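Structure at a glance
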Amino acid sequence: MEPPEDSKIGLEEAEEIILRWDSTASDEARDKMIFDGDRLEVDRYLHAVDRIQRSISSISISDDQAKVNSAIQIAMARLEDEFRNILLIHTAPIEADSLTDPSSSTHSSSAASSSGAAADFEDDPYEDKDDDEILQRGDSSNSVSYRSTSSIREIDLIPSDAVIDLRSIAERMISAGYLRECIQVYGSVRKSAVDSSFRKLGIEKLSIGDIQRLEWAQLETKIRRWIRAAKVCIRIVFASEKKLCEQIFEGLGTAIDDACFMETVKGPAIQLFNFAEAISISRRSPEKLFKILDLHDALMDLIPDIDAVFESKSSESIRIQAAEILSRLAEAARGILSEFENAVLREPSRVPVPGGTIHPLTRYVMNYISLISDYKQTLNELIVSKPSTGSRYSGDPTTPDMEFAEREGKTPLALHLIWIIVILQFNLDGKSKHYKDASLVHLFMMNNVHYIVQKVKGSPELREMIGDDYLRKMTGKFRLAATNYQRATWVRVLYCLRDEGLHVSGSFSSGVSKSALRERFKTFNAMFEEVHRTQATWLVPDSQLREELRISISEKLIPAYRSFLGRFRNHIESGKHPENYIKYSAEDLENAVLDFFEGCPVSQHLRRRSH
């Protein structure tokens, strides 16, 4: 509170007032604070300081000059203590409900019982909340104002009457040449408040080296927490500190409010951004891509707020750091995608998966690019160049071909996703060669390409980017593999059911060689039993595809066997031990086909029905 203009006070009286409150001279002065007591005494003291300051230019006698200078020093020491005390009294961590969404009863109740520990911001319920919701709310207990971005919410950190007192002290300290002391006191007290808010938000003091030494699983949790905390730090904590600096110091000198603001938040801001910087320069690996994109998106979203809060020349380094981290995160994402493509192409495993089922690489890659498609908005902005691919003219047998002319109109990101699928199939084709059974080679490719097709169909975003033309091409590929499997397995089995080689010409018999016929039945039985025993252990994990394949086998096998049986049954049954040759009915075979592709061993002998 400013003293009344009409108050008159002499120089000696002013000196007496200042000396009376010299904390080095008496216990009473040391134990009591002026601004905690009577407002009239506050007014008298401030006016005494003003009177002393005005007298400096008019005093010519050296003894008087020395007395005035001594009084000024005592007064400034006292005002510094008062300034610190007011700040300390009114400095407390931002209340928990100011850092959460009051529209959520869960948040309100947890905030009410909160003790201010870091756990306040570590619980999963925050995970699903929109941080912009949290930051854009109103608060009946705080005065809220908005700057250039609607997401910034400034809280009054100190009551207005205390702000007036702080400003009145700062004005006198600065005019007396004690600007540095004023800034130091202000910065030390307010920085401790910011540090307290950081602890409440779960922001740890970790160096870049500390962060890079952590396991990725730990970092994933910390990234989620950092994203939530960073939004609160920039939009509430730092923005509110900036407002307080302006309330106290604006207009008292050139950019003094900016200087106090940076004294308070520069250290915490560097601590905050060091985490994102450490992630941006960490060793690249595929599993990091999505958290890096989360971090990139969060920081991109915060850039307008960072520019608004750190708008001054003195805080330019913070803006530059944030922009550089954003750029490095973008480059890291591009680099990881390129390295992922190379890893898929070069994945070295040579041990065939049992039963020709879906290879773990196929599942991993397709799940990975499905997640990539979820980030298409960001990645379409970051991925601006086509993949480095082989060409049918390159002659490089270690790299598949892909001609971009066939993919006109596709975004660079879509081309990268198609390229990943191309190289995945190229790698799988190489892995299929490790199966010794040609039928299993085709079954393996059928399973894996079918899985790729189903994953693309199951993701609208991925399907849109891959396109129906390429999807049809892959569908044709797995159907061809299914056809090739059937040829490799069943052509030789069905060959046993032909008529050729069974008829005897120029004979008085029936014209059928019984010995050849018996041998033919024995061969068919042995071959079918071997296929049944083997292929029951093979696996087609997709139930619809498995059923379609069984139906296709039955449609070829059962009519052929039933016809063969109808033509030649009598020739066998009229002889000795027909059961040794006609071992199965058509229904037995039909039931046996149901055992195929379940991935389970079956008994040595087929289930037989009575004939």
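Per an unreviewed UniProt entry, the recorded name for the protein chain is Exocyst subunit Exo70 family protein, and the organism is Morus notabilis. Its UniProt record gives the protein chain a comment under Sequence similarities (unreviewed entry), which states: "Belongs to the EXO70 family."

Counting 183 residues, the largest nonpolar core has Phe83, Phe238, Phe249, Phe310, Ile372, Phe521 and Tyr561 as the members making the most contacts within it. With 18 residues, the single largest contributor to this core is helix H10 (residues 216–249). Two domains each put at least three residues into this core: domain 1 (347–488) and domain 2 (497–595). For Phe521, the contacting residues outside a window of four places in its chain are Tyr561, Phe564, Leu565, Phe568, Ile572, Tyr581 and Ile582.

All chains considered together, the criterion is met by 21 aromatic pairs. Their ring planes at 90° and their centres at 5.2 Å tell us that Tyr186 and Phe249 sit as a pair that is edge-to-face. A residue pair is termed long-range when its members are at least 10 positions apart, and Tyr186 in helix H8 (residues 179–200) and Phe249 in helix H10 qualify at 63 residues. For Tyr186, a relative accessible area of 0% gives the class buried. Ring geometry for Phe524 against Tyr561: centres 5.0 Å apart, planes inclined by 20°, an arrangement best described as stacked. One end of the pair, Phe524, is in helix H20 (residues 514–535); the other, Tyr561, is in helix H21 (residues 543–573), and 37 residues separate them in sequence. Three or more aromatic residues joined by ring pairs make a cluster, and in this case those are Tyr485, Trp490, Phe524, Phe528, Tyr561, Phe596 and Phe597. The lysine or arginine in question, Lys242, covers the ring of Phe261, its NZ or CZ lying 5.3 Å from the ring centre. The lysine or arginine in question, Arg498, covers the ring of Tyr495, its NZ or CZ lying 3.6 Å from the ring centre.

With that out of the way, let us pick up H8. Compared with an ideal rise of 1.5 Å per residue, which puts 22 residues at 32 Å, H8 spans 32 Å between its outermost C-alpha atoms and is within 8% of the ideal. Two residues or fewer past H8, Gly202 is found with a positive phi of approximately 80°.

Once that is clear, we can look at the pattern of salt bridges. Under the defined criterion, the tally for this structure stands at 36 salt bridges. Close ionic contact of Asp469 with Arg472 constitutes a salt bridge, the shortest N to O distance being 2.4 Å. Remark: Arg472 and Asp469 occur in helix H19 (residues 468–495); sequence separation between them is three residues, near one turn of the helix. Residue Lys583 is joined to Glu529 by a salt bridge in which the shortest nitrogen-to-oxygen separation is 2.9 Å. Residue Lys583 is located in the loop between H21 and helix H22 (586–593), and its partner Glu529 is located in helix H20; the two are separated by 54 residues in the primary sequence. Through salt bridges that share partners, Lys242, Glu246, Asp258 and Glu311 make up one connected network.

Bringing empty space enclosed by the protein into the picture now. Across all of its chains, the model carries three cavities of 30 Å³ or more by this definition. Here the largest cavity defines a volume of roughly 140 Å³. For the largest cavity, the full set of lining residues is Leu201, Gly202, Ile203, Glu204, Leu206, Ile211, Lys222, Arg225, Trp226, Gln271, Asn274 and Phe275. Among the secondary structure elements, those contributing two or more residues to the lining of the largest cavity are H10 and helix H11 (256–280). For the lining of the largest cavity, the residue count by class is six nonpolar, three polar and three charged.

Conventions we followed
Throughout, residues of each chain are indexed from 1 in the direction in which the sequence is written. Per-residue local features are limited, in this predicted model, to residues with pLDDT of at least 70; the limit for side-chain atom pairs, both in listing and counting, is 80 or more; totals at the level of whole chains, interfaces and linings are taken over all residues. Side-chain metrics rest on all non-hydrogen atoms present in the structure, leaving aside hydrogens and water. UniProt positions are given in the numbering used here, feature names are shortened, and annotations may be inferred rather than shown by experiment. Only buried Ala, Val, Leu, Ile, Met, Phe, Trp, Tyr and Cys residues count toward a nonpolar core, and they belong to the same one when joined by side-chain atoms within 4.5 Å. Burial status follows relative accessibility: with a 1.4 Å probe on protein chains alone, a residue under 20% of its type maximum counts as buried, one over 50% as exposed, and anything between as partly exposed. Strands are runs of DSSP state E lasting at least two residues, helices are runs of H or I lasting at least four, and both sets are numbered from the N terminus onward. Either an automatic procedure or a domain database provided the assignment from which the domain bounds are taken. By definition in these notes, contact holds between two residues if any of their heavy atoms fall within 4.5 Å. Between rings of Phe, Tyr and Trp, where Trp is taken as its six-membered ring, a pair exists when centres lie within 6.5 Å; planes separated by under 30 degrees are stacked, by over 60 edge-to-face, and by other angles tilted. Both a distance and an angle decide whether a charge sits over a ring: NZ of Lys or CZ of Arg must be within 6 Å of the ring centre and within 35 degrees of the ring normal. The span you would expect from a helix comes to 1.5 Å times its residue count less one. What makes a salt bridge here is a side-chain nitrogen of Lys or Arg within 4 Å of a carboxyl oxygen of Asp or Glu, nothing more. Note on definitions: the grid is 1 Å and covers protein atoms alone; a cavity is a set of points where a 1.4 Å probe fits but cannot get out; a pocket is an open set with protein on both sides within 12 Å along at least five of seven lines; lining residues have an atom within 4 Å of a point. Grid points are joined across faces, edges and corners, and a volume is the space filled by probe spheres set on the points. Ten residues, namely Ala, Val, Leu, Ile, Met, Phe, Trp, Tyr, Cys and Pro, are considered nonpolar, four, namely Asp, Glu, Lys and Arg, are considered charged, and the remaining ones, Gly among them, are considered polar.

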